[in-house]
Every structure is written in C-alpha cells, then in structure tokens.
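# A structural walkthrough
If you want the building blocks of each chain, they are given just below.
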Amino acid sequence: MPGPINNYLNSLARRLHLDPQDEREILEELQAHIEDKAAELEESGLDRETALARAVEGMGAPRTLASRMYEVHSTGVWRDIVLAMLPHFLLAALFALHLWSHYFLVSVVLVGIAFVTWRNWRAGRPSKWSYTWMGYTLAAPAISWLLSLIALAYGGWTLLTTGKLPFNTVLFFLLVGYVPFSMWIVYNVVWKIARRDWLLVSLTALPFPFLTSWVLFLNWSGGLWSDHAERIQQTDTARACIFLALAVTTAVFLRVGPRLLRIGLLTVVTTILVIITALSLPVDLGFVAVGLMIIASVVFLLSPAVLEAKANRRERLSVASQADENPGWYSDTS
C-alpha cells in the first residue's frame, strides 16, 4: 500500500474504536476508494505522488471521519443488547429473590458467567455483549483484591501497634502475594480493552462500585452469618432495582452512537444510582460522604481514558517515527 494511504488509514484506525472485523472492512473500503480517486486524478494529468496526496486530503481529517464511522457502526443489534443485559438481570434476580446467601446457586451463576466470558474471548474476537459479562468475571479478583488490601492494612497497623498479627502469619503472606497477582490479572485485561476503546472498560466496570459497596456493607454488618441477616436483606429490593437500572443503562449505551452521549449517560446514571445506594443503607452517611462516593465512582468509571491516552501516545510515537523515515507519508499525530 502506498505510504500516504497507509499512514492515513493507520491514523484513522487508532480512532475508530470498533470491532476488529468492522475496522478491517471499513479500512479496506476506504483504501479502495482513495486508490480509485487517485487513479482518476492521475488520468486528469497529475503525477502519482500528487494524486495520492490529493486523494488522501479529500477524505478529511481522520478524527472527524472516525467520529462519523463510530456513530454509525458502534451501535449494537438487539441480540447483542439482550445478551449484554443478561448478567445484570441475573444479579437483580439474586437480590430480588433474596438468593445471594445461597452459596451453591451464586457459585453456579458466577462460574457460568466466567465460562461464557472465557469462551467468547478465547475465540479472539470479543462481541459487543461480552463486556458486561467480563465485568462480573473481573469483579471477583477486583473486589477480593480490595478486601485483601483492607486486611493487609489492618494487619500491618495491628502489628505496628501491638507487635502481633490479628490473623495467621501464613495467611498474611498469602495476601501479600495475592494482591499484586490479582491486580496483574485485572490490569492486563483492562489494558487490552482500553487499547480498543476506554468507554468499553467503563461499561465493563459499571457494576463495580455497586458490588463493592454491597460487599463492604455486608462485611461491616458482620458477614453472611451475622445476627443482622434480616437487616441486610432490607436493602435487597434497592439492590435489585440498581442492577435492573444497570441493564437498562447498558441497552441505551449500546444503542446510542455519539461518544459524548455515552460518557454523559454513564456519569448521570452512576450519580443517581450512588445516591439510591446511599439512601438504601440503614446508616446516615451525610451529604459529604455521599458526595465523595459519587466523585469516587464517576472518576473510577472515567479513569480508563488515561489508559487509552497512554496507548495512543505509544502509537503516535511509532507513527511519527515512520513519518520521519518516510517524509512523503501522510502524518497526523494530533
């Protein structure tokens, strides 16, 4: 492929954020269109190099073209949307029917979600619906990492103040090894998704704040075998409604095209659901605490943009290096 076309399409590909197969088809069509246009310009009397430059220039800025392509091709079909909503419905049912304390049933649901996720990702081409499944699959190592970190902090503080660990020494060192291991797993998966589109990471992580708040509340209440089981179950209806709302949010996310609408949707819905979560708890958190919860949750969901920016910087440096070696190539490193 001629240099100017190659560099233009590379620049466009970095901004498409679409399924690999869709991207490949779009780029092939655009390449054919540019080459046809360049051939027409050559017939009108232009030399090959000038004709290619004019044909590429006529396509417009890669950022603008990629935005239009994204709006058209990123929306999901109803089959994808229903499948993407299914894990949220399963979690909503567990809370609505007060089944979250049934270990075997919960284990079957989680193993089933993890198996479907593994099969889809093993195929090498994750579908649009697979990211919500991935979210619940990653929830186990992510939340267990958080709980392990809390346990380590408590154990370290107790060791410093009393000279003794509050739990078994072997367990302490197992937790020390588990924390970086679980984060390594989560980071590698998140990095792979972020290289395609950081908004997909946000969609994947959408249930995290609400699963985490429930696990922390459960831990604060004494755990599954505490004497406050009835009080814990009083929040089940609100939890079920939250996961139903996440299912609806997922459907809207996959149907709307513009990225700004998707970002606004995640921000607004997260804010509302954090408020509902705070109001459902049998404790008075106060406006400041709720505000901090909202800020932390929104920042958490939008933070994958940093990972994508990092990946884009690496690719821009690579493209800039190629442009230096081949001055005639189209260069767009903005």
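Residues numbered from 1 in each chain as written. Predicted model: local features only at pLDDT ≥ 70, side-chain atom pairs only at ≥ 80, totals over all residues. Heavy atoms only, no water.

## Points about the overall build of the protein
- Helix and strand content of the protein: 15 helices and 0 strands.
- Expressed as a percentage of the 334 residues in the protein, the buried residues total 44%.
- A sequence separation of at least 24 residues applies to 73% of the contacts in the protein between residues at least 6 apart.
- In the form shown here, the protein has an accessible surface area of approximately 17,600 Å², with 65% of it arising from carbon and sulfur atoms. (Helix = DSSP H or I, 4+ residues; strand = E, 2+ residues; numbered from the N terminus. Buried < 20%, exposed > 50% of the residue type's maximum accessible area, 1.4 Å probe, protein only. Contact = heavy atoms within 4.5 Å. Areas by Shrake-Rupley, 256 points an atom, 1.4 Å probe, with all protein chains shown as cover.)

## Comments concerning the packing of helix 9 (residues 198-205) against helix 14 (residues 286-302)
- Helix 14 packs onto helix 9 with a crossing angle of 135° between their chain directions and a minimal axis gap of 8 Å. Taken together, the axes of helix 9 and helix 14 are oblique relative to one another. Of helix 14, the residues touching helix 9 (which contributes Trp198, Ser202 and Ala205) are Phe300, Leu301 and Leu302.
- A per-class count over the contact of helix 9 with helix 14 returns 5 nonpolar, 1 polar and no charged. (Axes fitted to C-alpha atoms, helices over the stretch in contact; angles between N-to-C directions. Parallel < 35°, antiparallel > 145°, perpendicular 65-115°, else oblique. Nonpolar A, V, L, I, M, F, W, Y, C, P; charged D, E, K, R; others polar.)

## Describing the pattern of salt bridges
- Counted under the stated rule, the structure contains 3 salt bridges.
- One salt bridge in this structure joins Arg79 and Asp80, with 3.4 Å as the shortest N-O distance.
- By relative accessible area, which is 56% here, Arg79 ends up exposed.
- Where Asp197 meets Arg259, a salt bridge forms, and the shortest distance between an N and an O atom there is 3.0 Å. Here the residue Asp197 occupies a position in the loop between helix 8 (169-196) and helix 9, and Arg259 occupies one in helix 13 (residues 259-280), the gap between them amounting to 62 residues.
- Relative accessible area serves as the criterion here: at 21%, Arg259 is assigned to the partly exposed category. (Salt bridge = Lys/Arg side-chain N within 4 Å of Asp/Glu carboxyl O.)

## A look at helix 9
- Taking burial as the measure, the 8 residues of helix 9 include 8 buried ones, the bulk of the element.
- The opening residue of helix 9 is Asp197, an N-cap whose side-chain oxygen sits 3.1 Å from the backbone nitrogen of Leu199. (Polar contact = N/O pair within 3.5 Å; in protein donor to acceptor, adjacent residues only side chain to side chain.)

## Section: the confidence of the model for the protein
- Looking at the protein as a whole, its pLDDT mean stands at 80, while 86% of the residues score no less than 70.
- When the criterion is pLDDT under 50, residues 327-334 qualifies, and its contacts beyond four places in sequence or with other chains add up to 24 contacts. (pLDDT = per-residue confidence, 0-100.)

## Remarks on the environment of Ala114
- Turning to its location among the elements, Ala114 is positioned in helix 6 (residues 103-122).
- Considered as a pair, Ala114 and Gly135 are 21 residues apart in the sequence and their alpha carbons are 9.7 Å apart.

## Here we look at a nonpolar patch on the surface
- A grouping of Leu86, Phe89, Leu90 and Leu244 is seen on the molecular surface, where their side chains present a nonpolar patch of about 300 Å² in accessible area.
- Relative to the elements of secondary structure, Phe89 occurs in helix 5 (residues 78-96).
- Take Phe89: its relative accessible area is 36%, and that puts it in the partly exposed class. (Patch = residues over 30% accessible without salt bridge, like charges linked within 9 Å, V, L, I, M, F, W, Y side chains within 5 Å.)

## Comments concerning the packing of aromatic side chains
- For the structure on display, the rule yields 8 aromatic pairs.
- Look at Phe95 and Trp214: their rings are 5.2 Å apart centre to centre, the planes differ by 90°, and that puts the pair in the edge-to-face class. With a gap of 119 residues between them, Phe95 in helix 5 and Trp214 in helix 10 (residues 208-220) connect regions that are remote in the sequence.
- For Trp214, a relative accessible area of 12% puts it in the buried group.
- Their ring planes at 5° and their centres at 5.6 Å tell us that Phe95 and Phe243 sit as a pair that is stacked. Of this pair, Phe95 sits in helix 5 while Phe243 is found in helix 12 (residues 236-255), placing the two residues 148 residues apart along the sequence. Accessibility classification places Phe95 together with Phe243 in one group, the buried group.
- Connected via pairs of aromatic rings, a cluster forms that spans Phe95, Trp100, Tyr136, Trp214 and Phe243.
- One cation-aromatic arrangement involves Arg262 over Phe253; the distance from NZ or CZ to the ring centre is 4.6 Å. (Phe/Tyr/Trp six-rings, centres within 6.5 Å; stacked < 30°, edge-to-face > 60°. Lys NZ or Arg CZ within 6 Å of the ring centre and 35° of its normal.)

## Comments concerning the side chain of Asp197
- Residue Asp197 is classed as buried on the basis of its relative accessible area, which comes to 2%.
- Within polar-contact distance, the side chain of Asp197 engages the backbone nitrogen of Leu199 at 3.1 Å.

## What about the side chain of Ser130?
- Looking at the secondary structure, you find Ser130 in helix 7 (residues 130-162).
- Those residues in contact with Ser130 that lie beyond four places of it in its chain are Asn120 and Trp121.

## Topic: the packing of helix 7 against helix 9
- Between helix 7 and helix 9, the shortest axis-to-axis distance is 7 Å and the interhelical angle comes to 55°. On the basis of their axis angle, the class for helix 7 and helix 9 is oblique. Crossing hand, helix 7 versus helix 9: right-handed. Between helix 7, through Tyr131, Thr132, Met134, Gly135 and Leu138, and helix 9, the contact on the second element is made entirely by Leu200, Leu203 and Thr204.
- Among the residues forming the contact of helix 7 with helix 9, the class breakdown is 5 nonpolar, 3 polar and no charged. (Left-handed = near helix turned anticlockwise from the far one by under 90°.)

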